[in-house]
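Here's the letter readout for the chains.
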Amino acid sequence: AQSVAQPEDQVNVAEGNPLTVKCTYSVSGNPYLFWYVQYPNRGLQFLLKYITGDNLVKGSYGFEAEFNKSQTSFHLKKPSALVSDSALYFCAVRGSGGYNKLIFGAGTRLAVHP
Amino acid sequence: KAGVTQTPRYLIKTRGQQVTLSCSPISGHRSVSWYQQTPGQGLQFLFEYFSETQRNKGNFPGRFSGRQFSNSRSEMNVSTLELGDSALYLCASSLELSYEQYFGPGTRLTVT
């Protein structure tokens, strides 16, 4: 069965420092992986996806993610964090059976301190 | 283009009642999915509709149902509400054969 793990409940970063939010996955077949961000009292915003191709995926707001098949990881990164990046981040994998069923990780709260 | 809209944004119901939530997808999007978000269970897939047909269903009891109309708008219904149904219900739309889903702001349902 497909599953996603986000091992950190919270990540704390100083503004201007690089950030990494970790995600590992378990799928049968080729993984379709996604990152979403959620701000308070808001829905989820799409950041980026990996379907196939280059292992480094660039997304919105300066975020990127690195797909590593051997480690079954899809970590989210940003070279220089902003206070406004503080939010809840979700990693997701498309479920078996195709279509649009997403299986989400538990989420990681990112806190960027001035 | 307008985003995904959900109505109402907030709802308070009493245990045993039923509720209907509405979702209007982004113009041109024909796939609509529903998710439940709770602090304990996180984000869980409820169901997906495409061209008025349910294509996929999550592990929720039969009290949860949905439908999609010819204009792609979707509704979900929860009957015989339980306290545990209190959650943020998120709707997402996507293009056919596309991968990314675009989420609405959600409907916050509180069951008392």
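Residues numbered from 1 in each chain as written. Chains lettered and ligands numbered in written order. Predicted model: local features only at pLDDT ≥ 70, side-chain atom pairs only at ≥ 80, totals over all residues. Heavy atoms only, no water.

(A) Here's a closer look at the overall build of chain B. For chain B, the count of helices and strands is zero helices and 11 strands. Listed by position from the N terminus, the elements making up chain B come as β-β-β-β-β-β-β-β-β-β-β. Against the compact-globule benchmark of 13 Å for 112 residues, chain B has a radius of gyration of 13 Å, which places it among compact chains. In terms of overall dimensions, chain B has a C-alpha envelope of 40 × 25 × 25 Å along the principal axes. Sorting the 112 residues of chain B into buried and exposed places 51% on the buried side. In chain B, the proportion of contacts linking residues at least 24 apart, taken out of those at least 6 apart, comes to 53%. Of the roughly 5300 Å² of accessible surface on chain B, 48% is carried by carbon and sulfur atoms. If you average the places of the 11 positive and of the 7 negative side-chain charges in chain B, the two averages end up 6 Å apart. (Helix = DSSP H or I, 4+ residues; strand = E, 2+ residues; numbered from the N terminus. Rg over C-alpha atoms; globule rule 2.2 N^0.38 Å. Buried < 20%, exposed > 50% of the residue type's maximum accessible area, 1.4 Å probe, protein only. Contact = heavy atoms within 4.5 Å. Areas by Shrake-Rupley, 256 points an atom, 1.4 Å probe, with all protein chains shown as cover. Lys, Arg positive; Asp, Glu negative; His and termini not counted. Charge placed at Lys NZ, Arg CZ, Asp CG, Glu CD.)

(B) Geometry of the state of the cysteines. In this structure the tally under the stated criterion is two disulfides over all chains. A sulfur-sulfur distance of 2.0 Å marks the disulfide that ties cysteine 23 of chain A to cysteine 91 of chain A. Judged by the torsion about the S-S bond (-60°), the cysteine 23 of chain A/cysteine 91 of chain A disulfide is left-handed. Highlighted residues: cysteine 23 of chain A in the loop between strand 3 (19-21) and strand 4 (24-26) and cysteine 91 of chain A in strand 10 (residues 87-94), separated in sequence by 68 residues. The exposure classification of cysteine 23 of chain A matches that of cysteine 91 of chain A, with both residues buried. In this model, cysteine 23 of chain B is linked to cysteine 91 of chain B through a disulfide, with the two sulfur atoms separated by 1.7 Å. Between cysteine 23 of chain B and cysteine 91 of chain B the disulfide shows an S-S torsion of about -55°. By sign, it is left-handed. In this pair, cysteine 23 of chain B is assigned in strand 3 (residues 19-24) and cysteine 91 of chain B in strand 9 (residues 87-94), connecting sequence segments 68 residues apart. This pair shows no difference in class: cysteine 23 of chain B is buried, exactly as cysteine 91 of chain B is. (Disulfide = S-S within 2.5 Å.)

(C) Just unusual backbone geometry, in detail. Residues and elements named next belong to chain B. Cis geometry is found at the peptide bond from threonine 7 to proline 8, where omega equals -10°. Looking at the element boundaries, proline 8 is found in the loop between strand 1 (5-7) and strand 2 (10-13). A positive phi angle, close to 50°, is found at serine 51, a residue other than glycine. As for its position among the elements, serine 51 is in the loop between strand 5 (42-50) and strand 6 (53-57).

(D) Representation of the side chain of threonine 107 of chain B in the model. Residues and elements named next belong to chain B. Secondary-structure assignment places threonine 107 in strand 11 (residues 107-111). The exposure class assigned to threonine 107 is buried, which follows from its relative accessible area of 0%. Among the polar contacts listed, one links the side chain of threonine 107 to the backbone oxygen of proline 8, at a separation of 2.5 Å. When sequence neighbours within four positions are dropped, the list of residues in contact with threonine 107 reads Gln6, Thr7, Pro8, Arg9, Leu21, Ala87, Leu88 and Tyr89. (Polar contact = N/O pair within 3.5 Å; in protein donor to acceptor, adjacent residues only side chain to side chain.)

(E) Region of interest: the side chain of serine 73 of chain A. As for its placement among the helices and strands, serine 73 of chain A is situated in strand 9 (residues 73-78). Excluding its chain neighbours within four sequence positions, the residues that come into contact with serine 73 of chain A are Cys23, Thr24, Tyr25, Glu66, Phe67 and Asn68 of chain A.

(F) The arrangement of the interface of chain A and chain B in detail. Counting residues at the interface gives 19 residues for chain A and 21 residues for chain B. In total, about 1800 Å² of surface goes out of reach between chain A and chain B, with carbon and sulfur atoms giving 55% of it. If you look at where chain A meets chain B, you find one salt bridge. Ionic pairing is found between glutamate 100 of chain B and lysine 49 of chain A, a salt bridge with its closest N-O pair at 3.1 Å. Across the chain A-chain B interface, the total number found is four residue pairs in polar contact (both at pLDDT 80 or more). Looking at the side of chain A that touches chain B residue by residue, the class counts come to 10 nonpolar, five polar and four charged. (Buried area = accessible area lost by both parts, 1.4 Å probe. Salt bridge = Lys/Arg side-chain N within 4 Å of Asp/Glu carboxyl O. Nonpolar A, V, L, I, M, F, W, Y, C, P; charged D, E, K, R; others polar.)

(G) The arrangement of the sheet that holds strand 1 of chain B in detail. Residues and elements named next belong to chain B. Read across the open sheet, the four strands follow the order 1-3-8-7; overall the sheet is antiparallel. Of all strands in the sheet, those with a lone pairing partner are strand 1 and strand 7 (64-68), marking the two edges. Strand after strand, the sheet turns through a mean of 20° between neighbouring axes, direction not considered. Bridge count for strand 7 against strand 8 (residues 74-78) is five bridges, and the pairing is antiparallel. Within strand 8, the residue paired with glycine 66 across the bridge is methionine 76. (Pairing = 2+ DSSP bridges. Axes fitted to C-alpha atoms, helices over the stretch in contact; angles between N-to-C directions.)

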